[in-house]
Amino acid sequence: MSRILALLLFVNANVFGQAAAGNEKYDQKQYVDAVNAFEKIPPAGRDAGILNRLGISYHLLKQFKAAENAYRAAVSKDPKNTDAPNNFAALYYSQQRFSDAERQIRRAMEKSPDNAVMRLNLRAARYARENAKSARDAANAILNDNPVLIEKRDGDLLQVQILMPRKDLEEATLHERRGDSFFARKIYEEAIVEYGKAVALDRYNASVLNRLGLVYHQSQKLAEAERYYREALKQNPYFIEVLNNLGTVEYVRKNYDRALEQYERALKIRPESPTILLNMGACLFDMKRYDEAFKATQRALEIDPRVLDRTSGFGTLIQTSRRNDPTVSFYFAKIYAARGEKELAISYLNRALDEGFREYDKIKSEPAFVALAQEEGFIKIMERITAEATSR
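Residues numbered from 1 in each chain as written. Predicted model: local features only at pLDDT ≥ 70, side-chain atom pairs only at ≥ 80, totals over all residues. Heavy atoms only, no water.

1. A look at the overall build of the protein chain
Phase 1: For the protein chain, the count of helices and strands is 20 helices and two strands.
Phase 2: Taking 2.2 N^0.38 as the reference for a compact globule, 392 residues should give roughly 21 Å; the C-alpha atoms of the protein chain span a radius of gyration of 28 Å, well beyond that estimate.
Phase 3: The principal-axis extent of the C-alpha atoms belonging to the protein chain is close to 85 × 70 × 30 Å.
Phase 4: Here the protein chain, with 392 residues, has 50% of them falling under the buried criterion.
Phase 5: Residue pairs in contact within the protein chain that sit at least 24 positions apart in sequence constitute 59% of those at least 6 positions apart.
Phase 6: Put simply, the protein chain has 61 plus and 54 minus side-chain charges, and the middle of one group is 4 Å from the middle of the other. (Helix = DSSP H or I, 4+ residues; strand = E, 2+ residues; numbered from the N terminus. Rg over C-alpha atoms; globule rule 2.2 N^0.38 Å. Buried < 20%, exposed > 50% of the residue type's maximum accessible area, 1.4 Å probe, protein only. Contact = heavy atoms within 4.5 Å. Lys, Arg positive; Asp, Glu negative; His and termini not counted. Charge placed at Lys NZ, Arg CZ, Asp CG, Glu CD.)

Printed below as a string of structure tokens:
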């Protein structure tokens, strides 16, 4: 027994030592030495992370079959791992199998839709698939300098090099940055011009298409906003910010069922998004589905207590307008009372009464308001309720 235990300890120590040596060489971009160390680890001792790094090392050494085997083993070892599927897509891209690369990166993005590297890889793969001849010409022109068509290694993810003409790419980036500058200063007309020039050169950049939609949206030009949101979604079906923004367009139009459909699609991709939950709550409130709205809004604030302080950014629009509905104000009072934000709770109760809330028994019996009982503002509310009830 003691011999078996000693052997196990020796094997584990050896596995750990080889993994550490391989990781050190990998970090130093000494991929031949990394492969030699990783390959000394027994197959049973290789986790998905090690297998992915082994795949990257082979990949960057242009040993494509060995890289493919390692990536497949990583996926098999841990189906939830998203690094290896992305790198598998990059491997197809290195082999100029652009359609396969796009299909594979879409699979990876189902599990990791927010990943910035994957979004860039999808953009590159879509461009290369739809412009295969020019992409291959560009690839052949740089093979001596970059035979694997990889822009960079970002940790354990490979980002491919987009094969768009360099002049077009640089010019599109320049207009994008100018658009961002105007957007940040709320100079929307100029932002529209610059973003428009960027997407004319590069229609595969879903992020810029979304921002162009946003500036139209902020300018109250909903038809144009929707057009560019849908184009962004065409380029990246997993772009949850776009799904949210499409929902917000429908919300402004009072098409609540359609808005809710977009929010639900977005939440399937990112269930814990406070922005989308908040917008869904607003939509449900306007649909008079108060209890569902209450739960969605409460959950949004649990995830991000400051979500109501934001209005919009370069990615996602938050609905800031709200119809005058006394029941909605009552529910917000409940939300803030439960969170211990007494002043806000009292403010919303007063607002509810100002808007015509007359279900006084609900205020009196609501458990969340027990914590407000000794507050001067709440005492005045109760006095107001008594006076209003007596005068009726």
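2. Some thoughts on the environment of arginine 126
Phase 1: Counting through the fold element by element, arginine 126 comes out in helix α7 (residues 116–130).
Phase 2: By relative accessible area, arginine 126 is classed as buried at 6%.
Phase 3: In this structure, the C-alpha to C-alpha distance between arginine 126 and serine 99, residues 27 residues apart in sequence, is 7.9 Å.
Phase 4: In this structure arginine 126 touches Glu102, Arg106, Tyr204, Lys234 and Gln235, once residues within four positions along its chain are discounted.

3. Digging into the packing of helix α11 (residues 206–218) against helix α13 (residues 240–252)
Phase 1: Where α11 meets α13, the axes come as close as 11 Å, and the angle between the chain directions of the two elements is 20 degrees. In terms of orientation, α11 lies roughly parallel with respect to α13. Every pair of crossing elements has a handedness; the one defined by α11 and α13 is left-handed. Listed contacts from α13 to Asn210, Leu214 and His217 of α11 are Glu241, Val242, Asn245, Thr248, Val249 and Val252. (Axes fitted to C-alpha atoms, helices over the stretch in contact; angles between N-to-C directions. Parallel < 35°, antiparallel > 145°, perpendicular 65-115°, else oblique. Left-handed = near helix turned anticlockwise from the far one by under 90°.)

4. Some remarks on unusual backbone geometry
Peptide bonds are trans in most cases, and residues, glycine excluded, mostly fall at negative phi.
Phase 1: Here the phi dihedral of lysine 62 falls at roughly 65 degrees; this positive angle occurs in a residue that is not glycine.
Phase 2: When you line up the elements, lysine 62 lands in the loop between α3 (48–60) and α4 (64–77).
Phase 3: For leucine 149, which is not glycine, the phi dihedral falls at a positive 60 degrees.
Phase 4: Take leucine 149: it is sitting in the loop between α8 (132–142) and β1 (150–154).
Phase 5: A relative accessible area of 0% means that leucine 149 is categorised as buried.

5. A few points about the nonpolar core
Phase 1: Among the nonpolar cores identified, the biggest contains 73 residues, and Leu212, Val215, Phe330, Leu349, Ile363, Phe369 and Leu372 are the most heavily contacted of them.
Phase 2: With sequence-adjacent residues up to four places away left out, phenylalanine 369 is seen in contact with Phe330, Ala333, Lys334, Ala337, Leu349, Ile363 and Phe378.
Phase 3: With 38 residues, the next largest nonpolar core counts Tyr71, Tyr92, Phe98 and Ile162 among its residues. (Core = buried A, V, L, I, M, F, W, Y, C linked by side-chain atoms within 4.5 Å.)

6. Overview of the side chain of arginine 53
Phase 1: Take arginine 53: it is sitting in helix α3.
Phase 2: Residues within four places of arginine 53 in sequence aside, it is in contact with Asn23, Tyr26, Asp27, Phe38 and Asp156.

7. A closer look at helix α9 (residues 166–184)
Phase 1: Between its first and last C-alpha, α9 extends 27 Å over 19 residues, near the 27 Å set by a 1.5 Å rise per residue.
Phase 2: Restricting attention to buried positions, one finds in α9 the residues Leu169, Ala172, His175, Glu176, Gly179, Asp180, Phe182 and Phe183. Projected down its long axis, α9 carries its buried residues within an arc of 160 degrees, all on one side. Opposite its buried face, α9 presents the exposed residues Lys167, Glu170, Arg177 and Ala184, each directed more than 90 degrees away.
Phase 3: Next to the buried residues of α9 lie α7, α10 (188–201) and α11.
Phase 4: Looking one or two residues beyond α9, the residue adopting positive phi is lysine 186, at roughly 60 degrees. (Expected span 1.5 Å × (residues − 1). Arc of directions from axis to C-beta.)

8. Some words on the packing of aromatic side chains
Phase 1: One pass over the structure, following the stated rule, counts 20 aromatic pairs.
Phase 2: Ring centres of tyrosine 216 and tyrosine 228 lie 5.8 Å apart, and the angle between their planes is 5 degrees; this geometry places the pair in the stacked category. Here tyrosine 216, found in helix α11, pairs with tyrosine 228, found in helix α12 (residues 222–235); they are twelve residues apart in sequence, far enough to count as distant. The burial state of tyrosine 216 is the same as that of tyrosine 228; both residues are buried.
Phase 3: Ring centres 6.4 Å apart and planes at 35 degrees place the aromatic pair phenylalanine 332 and tyrosine 336 in the tilted group. Taken as a pair, phenylalanine 332 and tyrosine 336 lie in helix α17 (residues 326–338) at a separation of four residues, close to a single helical turn.
Phase 4: Judged by its relative accessible area of 7%, phenylalanine 332 is buried.
Phase 5: In this structure tyrosine 336 comes out as buried when scored by relative accessible area, which is 6%.
Phase 6: One aromatic cluster is present, formed by Phe285, Tyr290, Phe294, Phe330, Tyr331, Phe332, Tyr336, Tyr348, Phe357, Phe369 and Phe378 through successive ring pairs.
Phase 7: The ring of phenylalanine 239 has arginine 119 lying over it, and the distance from NZ or CZ to the ring centre is 4.2 Å.
Phase 8: Directly above the ring of tyrosine 26 sits arginine 153, whose terminal nitrogen or CZ lies 4.1 Å from the centroid. (Phe/Tyr/Trp six-rings, centres within 6.5 Å; stacked < 30°, edge-to-face > 60°. Lys NZ or Arg CZ within 6 Å of the ring centre and 35° of its normal.)

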